[in-house]
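Here is what each chain is made of, one letter per residue.
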Amino acid sequence: MDRRRSDLPATPPAEGPPLREPIRIPWLWVAMGLVVLAGVPLYLAPGVIRPLVGGIPFWLLISIAATVAFSALTCWACLRGWNLAEPAEEAAAAAERDAEVRS
Amino acid sequence: MNGLSFSGISGVLVLGAYAVIMLAIGWWAGRGTSSTSARSYYLSGGGLGFVALFFTLYATQYSGNSIVGYAPEAYRSGFSWWQSVPFMVAVIAAYLLFAPRLYVVAKREGFITPTDWVRHRFGSGKLTILVAVLMLWGLANYLLEQLVAMGQGIAGLTGATIPYEIGVIAFVLVMLVYSWSGGMRAVALTDVMQGIALLVGIGVLLFGALYLVGGDLGGVTTALAQTDPEKVAVPETATSVEWLSMILMIGLGAAVYPHAIQRIYAARSERTLKRSLAVMAWMPLLTTAVVFVVGIVGTQLFPGLSEDDSEQLVGMIANQVAGINVVFYLMMILLFGGVVAAIVSTADSALLAFSSVVSRDIYGRHIAPNAPEKRQVLVGKIVGVIAVAILLVLAWNPPGTLYEIFVLKFELIVQLAPVFMLGLYWRRMAAGPAFWGMLAGALLSGGLTVAGVDDFGGVPGGLVGLAVNVLICVVGSMMVGRPDDGPDEDPMVAEPVRAGAASSA
């Protein structure tokens with residue numbers, strides 16, 4: 001991929017959080033890859049059931065925990081790792097509201 | 001699902017009520033929609049707020065198949081079917097690979113169909129035609145699946161009081177009426193009702209299933225470990241490879257479905273879009289995970305079912321739950337109403353996307369480029385109705401199990417991923433290699449399916465096709481592409497730098 005511009009720091013808006021794009025957060029994708037791999041029992045010996053925890057095999061509990069982590073990372077990336085158009089859109093909406101109030 | 005204790009006239013009444021509510025919402029929503037503007041009709045003017053956007057994403061991504069098809073899969077496969085939860089999370093993660101930037105470009109350029117991006121990025125060549133054809137093929141397959149599921153669900157709910165064919169035609173007419181009059185706005189607002197019905201339905205199914213086993217989920221799994229240890233144990237390596245492959249293929253494929261991309265365009269704001277997706281990241285744990293538990297509970301309630309019989313698992317469980325008392329009886333009627341509503345909500349989204357591609361990318365571009373927008377929209381609507389009629393004929397003889405149909409459509413749709421996920425960032429990516437890569441990937445995937453080769457050691461043919469697609473695309477672009485072939489779509493740069501000449505295939 002063309003990384004020339006991707007390596008530039010985000011243009012800071014006048015106020016509010018900096019511009020962010022999930023694709024530019026390398027640790028996010030590494031972490032997602034790890035939790036996905038942790039959730040797939042490729043690294044365990046086929047056929048193993050025990051130990052059971054509350055009647056549930058340990059390997060399924062690992063998969064469940066990894067899936068929760070996958071959801072949490074994805075949710076975080078949406079809310080905190082993504083901020084491209086929002087500052088401009090919010091500013092435009094505020095200006096529109098001001099114009100309506102004045103008129 | 002014949003002989004249900006809640007079947008018959010009560011099922012007919014609840015389905016009738018659902019149909020009336022859908023028509024009423026569709027009529028109300030359609031009042032503000034203009035059929036003379038493609039943007040108004042297909043994208044609700046790009047003004048969907050959080051509630052409508054979230055529920056239309058939810059009701060579109062999760063169909064009735066997510067209940068009636070996935071519970072039997074958990075029943076048959078055992079714990080390895082937990083994969084249905086991460087692969088649905090992966091769809092939202094895959095959105096993050098392209099949606100943030102595509103949203104900015106789409107708002108700036110006024111995109112209506114997913115193909116608009118391909119045309120903007122690569123020019124109006126044969127690549128855009130191939131993209132449109134693959135989208136129409138995938139959407140038709142998707143719509144067919146919903147029509148098949150719709151008939152089975154309706155016949156099941158009413159104990160065949162409403163025959164399969166009559167049920168499908170009735171709900172297809174309801175869907176066509178509100179989609180025709182209200183477009184995306186009607187589809188999204190009916191999705192709110194349909195999504196709520198699906199969530200409530202899944203909740204009551206879980207509650208009822210756990211009630212039948214005394215709430216002892218640990219006891220269910222312990223008993224299953226004794227009777228069917230292979231369903232509880234760490235799966236074979238090939239199954240785990242398939243698990244990982246499904247996360248990749250469904251994640252990448254479902255995110256680039258035309259109706260999924262159109263919901264990015266239809267968002268009122270970035271704030272609305274990212275909040276909707278943030279909540280969607282948790283929905284697999286409230287949907288496919290719950291259905292997984294129901295399927296596992298089913299192994300103890302109805303042990304030893306054949307593959308065909310297990311397809312009726314949800315109906316069997318619902319039947320037992322309904323027999324507990326009148327409250328459960330009413331809740332199970334709500335469940336099946338929710339299943340049908342969910343199927344309709346997925347079908348209407350696919351139909352609207354199908355119509356938009358026909359209207360804008362085929363008719364408006366290649367058949368009658370000078371036709372006014374109103375006529376383009378009308379042609380899209382009419383061709384959509386004709387396509388549904390043809391698919392109905394196919395739906396009378398539904399093939400195999402629902403899950404097998406579901407997987408097949410991803411083999412082709414996933415081939416669209418590179419033009420979105422690479423094309424947005426890699427300016428050197430050239431139209432020619434993108435076209436040949438996509439064509440090779442689609443032919444290989446389709447060829448393997450026709451030849452009956454489902455996978456290679458757990459890796460599905462669609463993913464093998466995608467690997468070939470990406471390889472041709474990347475190597476070809478390195479050879480023939482120039483560093484500034486494509487426009488610079490970096491939204492962190494104040495004014496996007498236009499490409500000197502976007503090459504066309």
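Residues numbered from 1 in each chain as written. Chains lettered and ligands numbered in written order. Predicted model: local features only at pLDDT ≥ 70, side-chain atom pairs only at ≥ 80, totals over all residues. Heavy atoms only, no water.

## Brief notes about the overall build of chain A
Each helix and strand in chain A was counted, giving three helices and two strands. In chain A, the succession of α and β elements from N to C terminus is α-β-β-α-α. Taking all 103 residues of chain A together, 37% fall into the buried category. Long-range pairs, those at least 24 residues apart, make up 62% of the contacts in chain A between residues at least 6 apart in sequence. With the model as given, the accessible surface of chain A reaches about 5800 Å², and the carbon-plus-sulfur share is 66%. (Helix = DSSP H or I, 4+ residues; strand = E, 2+ residues; numbered from the N terminus. Buried < 20%, exposed > 50% of the residue type's maximum accessible area, 1.4 Å probe, protein only. Contact = heavy atoms within 4.5 Å. Areas by Shrake-Rupley, 256 points an atom, 1.4 Å probe, with all protein chains shown as cover.)

## Observations regarding the overall build of chain B
A count of helical and extended segments in chain B gives 25 helices and two strands. Taking 505 residues into account, the globule formula puts the C-alpha radius of gyration at 23 Å, and chain B, at 23 Å, falls close to it. Buried positions account for 64% of the 505 residues belonging to chain B. In chain B, the proportion of contacts linking residues at least 24 apart, taken out of those at least 6 apart, comes to 84%. On chain B, roughly 16300 Å² of surface is accessible, and the fraction owed to carbon and sulfur atoms is 66%. For chain B, the centre of its 26 positive side-chain charges and the centre of its 29 negative side-chain charges are spaced 17 Å apart. (Rg over C-alpha atoms; globule rule 2.2 N^0.38 Å. Lys, Arg positive; Asp, Glu negative; His and termini not counted. Charge placed at Lys NZ, Arg CZ, Asp CG, Glu CD.)

## Notes on the interface of chain B and chain A
On the chain A side, the residues contacting the 54 residues of chain B number 52 residues. Both faces combined, the contact of chain B with chain A buries some 4600 Å², and carbon together with sulfur accounts for 72% of it. Summed over the shared surface of chain B and chain A, the result is three salt bridges. Across the pair B:Lys274 and A:Glu86 runs a salt bridge, and its minimum N-O distance is 2.6 Å. Counting across the chain B and chain A interface gives 16 residue pairs in polar contact (both at pLDDT 80 or more). Of all elements in the fold, only helix H6 (84-95), helix H7 (99-109), helix H11 (217-227), helix H12 (229-232), helix H13 (237-255) and helix H15 (270-280) of chain B reach the threshold of two or more residues within the side of chain B that touches chain A. If you tally residues by element for the side of chain B that touches chain A, the top one is H15(B), at seven residues. The residue makeup of the side of chain B that touches chain A, split by class, is 38 nonpolar, seven polar and nine charged. (Buried area = accessible area lost by both parts, 1.4 Å probe. Salt bridge = Lys/Arg side-chain N within 4 Å of Asp/Glu carboxyl O. Polar contact = N/O pair within 3.5 Å; in protein donor to acceptor, adjacent residues only side chain to side chain. Nonpolar A, V, L, I, M, F, W, Y, C, P; charged D, E, K, R; others polar.)

## Here we look at the nonpolar core
All names here are of chain B. Tyr-95, Phe-98, Leu-102, Leu-335 and Phe-420 are the most contacted members of the largest nonpolar core, which totals 204 residues. A per-element tally of this core places helix H10 (residues 164-212) first, with 21 residues. Non-local contacts of Leu-102, meaning those with residues more than four positions away in its chain, are made with Phe-111, Trp-117, Ile-261, Ile-264, Tyr-265, Phe-420 and Leu-424. (Core = buried A, V, L, I, M, F, W, Y, C linked by side-chain atoms within 4.5 Å.)

## Quick word on the pattern of salt bridges
Within this structure, the stated rule accounts for 10 salt bridges over all chains. Its salt-bridge partner being B:Arg76, residue B:Glu73 comes within 3.1 Å of it at the nearest N-O pair. Placement of the pair is B:Glu73 and B:Arg76 together in helix H5 (residues 70-77), with a separation of three residues, close to one helical turn. Overall, the relative accessible area of 12% leaves B:Glu73 in the buried class. Beyond isolated ion pairs, a larger network of salt bridges with shared partners links A:Glu86, B:Glu270, B:Arg271 and B:Lys274.

## As for the UniProt feature "transmembrane region" (unreviewed entry) in chain A
Residue and element names in this part refer to chain A. Within this structure's numbering, the places UniProt gives as "transmembrane region" (unreviewed entry) are residues 27-44 and 56-79. Helix makes up 72% of residues 27-44 and strand 0%, and the two end C-alpha atoms of the span are 26 Å apart. As a span, residues 56-79 carries 92% helix and 8% strand, and end to end its C-alpha atoms are 33 Å apart. (UniProt positions renumbered as here; feature names shortened; annotations may be inferred.)

## Re empty space enclosed by the protein
All names here are of chain B. One pass over the structure, following the stated rule, counts five cavities of 30 Å³ or more. Put simply, the largest cavity is a space of about 240 Å³. What lines the largest cavity is a set of 22 residues, and nearest its centre among them are Thr-60, Gln-61, Tyr-62, Tyr-142 and Ala-254. Broken down by secondary-structure element, the contributors of at least two residues to the lining of the largest cavity are helix H3 (50-61), helix H4 (65-68), H6, helix H9 (126-157), H13, helix H14 (258-266) and helix H22 (402-413). Class assignment for the residues of the lining of the largest cavity results in 14 nonpolar, six polar and two charged. (1 Å grid on protein atoms, 1.4 Å probe; cavity = no way out; pocket = protein on both sides within 12 Å on 5 of 7 lines; lining within 4 Å. Points joined across faces, edges and corners; volume = space filled by probe spheres on them.)

## Some remarks on a nonpolar patch on the surface
All names here are of chain B. A grouping of Trp-180, Leu-378, Ile-382, Ile-386 and Ile-390 is seen on the molecular surface, where their side chains present a nonpolar patch of about 450 Å² in accessible area. Considering every element that reaches the nonpolar patch, the biggest residue donor is helix H21 (residues 373-395), with four residues. With respect to the helices, strands and loops of the structure, Ile-386 is situated in helix H21. (Patch = residues over 30% accessible without salt bridge, like charges linked within 9 Å, V, L, I, M, F, W, Y side chains within 5 Å.)

## Considerations on the confidence of the model for chain B
Residues and elements named next belong to chain B. The predicted model of chain B averages 85 in pLDDT, with 92% of residues at 70 or higher. When mean pLDDT is compared element by element in chain B, H6 scores highest at 97, while H22 scores lowest at 65. This stretch, residues 499-505, has a pLDDT under 50; its non-local contacts, to residues over four places away or in other chains, come to 24 contacts. Interface confidence for the predicted complex, given as ipTM, is 0.89, next to a pTM of 0.89. (pLDDT = per-residue confidence, 0-100.)

## Quick notes on the packing of aromatic side chains
The full count for this structure, using the stated rule, is 21 aromatic pairs over all chains. Residues B:Phe50 and B:Phe54 carry aromatic rings whose centres are separated by 6.2 Å and whose planes lie at 15° to one another, so their mutual orientation is stacked. Taken together, the positions of B:Phe50 and B:Phe54, both in helix H3 and four residues apart, correspond to about one turn of that helix. Residue B:Phe50 is classed as partly exposed on the basis of its relative accessible area, which comes to 36%. With a relative accessible area of 7%, B:Phe54 lands in the buried category. Measuring from ring centre to ring centre gives 5.0 Å for B:Tyr58 and B:Tyr62, while their planes differ by 40°; the resulting arrangement is tilted. Of the residues examined, B:Tyr62 reaches a relative accessible area of 0% and is grouped as buried. Each member of the aromatic cluster is reached from another via a ring pair, and the members are A:Trp59, B:Phe79, B:Trp82, B:Trp243 and B:Phe292. Lying across the ring of B:Trp28, B:Arg185 places its NZ or CZ 5.6 Å from the centre. Positioned above the aromatic ring of B:Tyr75 is the side chain of B:Lys231, whose terminal nitrogen or guanidinium carbon lies 5.0 Å from the ring centre. (Phe/Tyr/Trp six-rings, centres within 6.5 Å; stacked < 30°, edge-to-face > 60°. Lys NZ or Arg CZ within 6 Å of the ring centre and 35° of its normal.)

## With respect to the packing of H6(B) against H13(B)
Residue and element names in this part refer to chain B. Where H6 meets H13, the closest approach of the two axes is 7 Å, and the angle between their N-to-C directions is 45°. The orientation of H6 relative to H13 falls into the category oblique. Seen from above, H6 lies across H13 with right-handed handedness. Between H6 and H13, the contacting residues are Pro-86, Phe-87, Ala-90, Val-91, Ala-94 and Tyr-95 on the first element and Trp-243, Met-246, Ile-247, Ile-250, Gly-251, Leu-252, Ala-254 and Ala-255 on the second. Of the residues assigned to the contact of H6 with H13, the class counts are 13 nonpolar, one polar and no charged. (Axes fitted to C-alpha atoms, helices over the stretch in contact; angles between N-to-C directions. Parallel < 35°, antiparallel > 145°, perpendicular 65-115°, else oblique. Left-handed = near helix turned anticlockwise from the far one by under 90°.)

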